[in-house]
Amino acid sequence: MSPTLLRRLTTTITVAVLVVEAAAPALARTPETAPPAPGSVRGVVRDAATGAPVTRACATLVPVDAAALAAVTIGEDQLGRYAGCSDEQGTLVAEGVAPGEYRLLVRPYDTAAHGWQWVGRHGGTGERERARVVRVSAGAVTDVPTIRLDPPGTITGVVTDAATGAPVFRALAMVVPYVPHPKYDDHGPTTDEEGRYTITGLGPYHWPVQFAANGHATVWSGGVGTRAQARGVRVRAHQTVTLDQALPAGTLVSGAVRVDELLTYAQVIAFDATTGDLAGVADVGDAYALRLLPGQRVKLRCDCAYTQPVWHRDAASFDAATPLRVRRTPVAVDFDLG
């Protein structure tokens, strides 16, 4: 082989090697998948009787997915993250909505004129599972049929201890479950010293109600552990209906919480393992004590450290958490966040 040919061959091989080495890092990198573009929801809110537009009626998009529903923390309603309110023409737009399936809960500003409603297929409903499912697509506008608001009604009643019959003071009465804040307790209706509560501004439909109080199991109306089994109370327009509820002690679920630095307001929260509905909340020191109904199947989350919450057992998400079947005998579930 001539020296000239040898030099050319060597140069060609060297250039090829340099090109491959330069391209290798780029080939090794996996391109990041961009999140899907958000969508939006649009509709019109009107008075059911007159057809007049209703202003300042706010719709919240509540996720159908249980894991998304369980993404609720201290002081929050279990309602999701997207909302929009109607303007003077009754037009309502919710923007920046992650693609997925939702149900709409509409809450008018003037609850003396109109009541809350889950938006159903043929008008309002008080039962979440009967609400219309709205599918939001990436980058698209989803139009919903006209939302027609009905006049409001009221639920009142007395909450008592199931064992003694004594009134329960400061029990929560909720049509939408929420995680109470240990310091700020004026979020919604609570019972007075006689155990009496009042919920106003509800549409004239069947509404299940959830009750929670310290030292008792959290129950839905009828004394059951799940929304699906609840005995809904029939609200009528411009009238007051009575719903009394006795709270059982339930089964004690408790455990130690080991953590380097405890969150200022630390909580262990129980969620229905199937639906993601809130099932109970306990404040945390170096331990916690939570009461749940026998037969419930729940997933527990410890919001206890200045890091991401931890699910039982040492899981990072609702879907990966281990379900706990509540029985009649006490059970211990510890959390180690150290």
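Not measured: the values here are computed from a predicted model.

The strand order across the open sheet formed by 3 strands is β12-β15-β16, and the pairing between neighbours is antiparallel. Looking at which strands have only one partner, the edges of the open sheet turn out to be β12 (172-174) and β16 (219-220). Looking at chain direction, β12 and strand β15 (residues 210-212) are connected through 3 bridges and run antiparallel. Bridge pairing in β15 links A173 to F211.

Per the counting criterion, the structure on display carries 2 disulfides. Here C58 connects covalently by a disulfide to C85, the sulfurs 1.9 Å from one another. Here the disulfide of C58 and C85 is right-handed, its torsion about the S-S bond being about 100°. With a gap of 27 residues between them, C58 in strand β2 (residues 57-63) and C85 in strand β3 (residues 82-85) connect regions that are remote in the sequence. We classify C85 as partly exposed; its relative accessible area is 42%.

Our next topic: empty space enclosed by the protein. The full count for this structure, using the stated rule, is 3 cavities of 30 Å³ or more. Estimates place the volume of the largest cavity at around 70 Å³. Lining the largest cavity are W220, G225, T226, R227, D272, T275, D277, L278, A279, Q296, R297 and V298. Broken down by secondary-structure element, the contributors of at least two residues to the lining of the largest cavity are β22 (278-283) and β24 (297-305). Of the residues contributing to the lining of the largest cavity, the split by class is 4 nonpolar, 4 polar and 4 charged.

The next subject is the packing of aromatic side chains. The full count for this structure, using the stated rule, is 6 aromatic pairs. For the pair Y205 and W207, a centre-to-centre distance of 6.4 Å together with 40° between the ring planes defines the contact as tilted. Looking at Y205, the relative accessible area reads 9%, which means it is buried. Here the aromatic rings of W311 and F318 are separated by 5.6 Å at their centres, their planes lie at 85°, and the arrangement is edge-to-face.

About the criteria used
- Residues numbered from 1 in each chain as written.
- Predicted model: local features only at pLDDT ≥ 70, side-chain atom pairs only at ≥ 80, totals over all residues.
- Heavy atoms only, no water.
- Pairing = 2+ DSSP bridges.
- Helix = DSSP H or I, 4+ residues; strand = E, 2+ residues; numbered from the N terminus.
- Disulfide = S-S within 2.5 Å.
- Buried < 20%, exposed > 50% of the residue type's maximum accessible area, 1.4 Å probe, protein only.
- 1 Å grid on protein atoms, 1.4 Å probe; cavity = no way out; pocket = protein on both sides within 12 Å on 5 of 7 lines; lining within 4 Å.
- Points joined across faces, edges and corners; volume = space filled by probe spheres on them.
- Nonpolar A, V, L, I, M, F, W, Y, C, P; charged D, E, K, R; others polar.
- Phe/Tyr/Trp six-rings, centres within 6.5 Å; stacked < 30°, edge-to-face > 60°.

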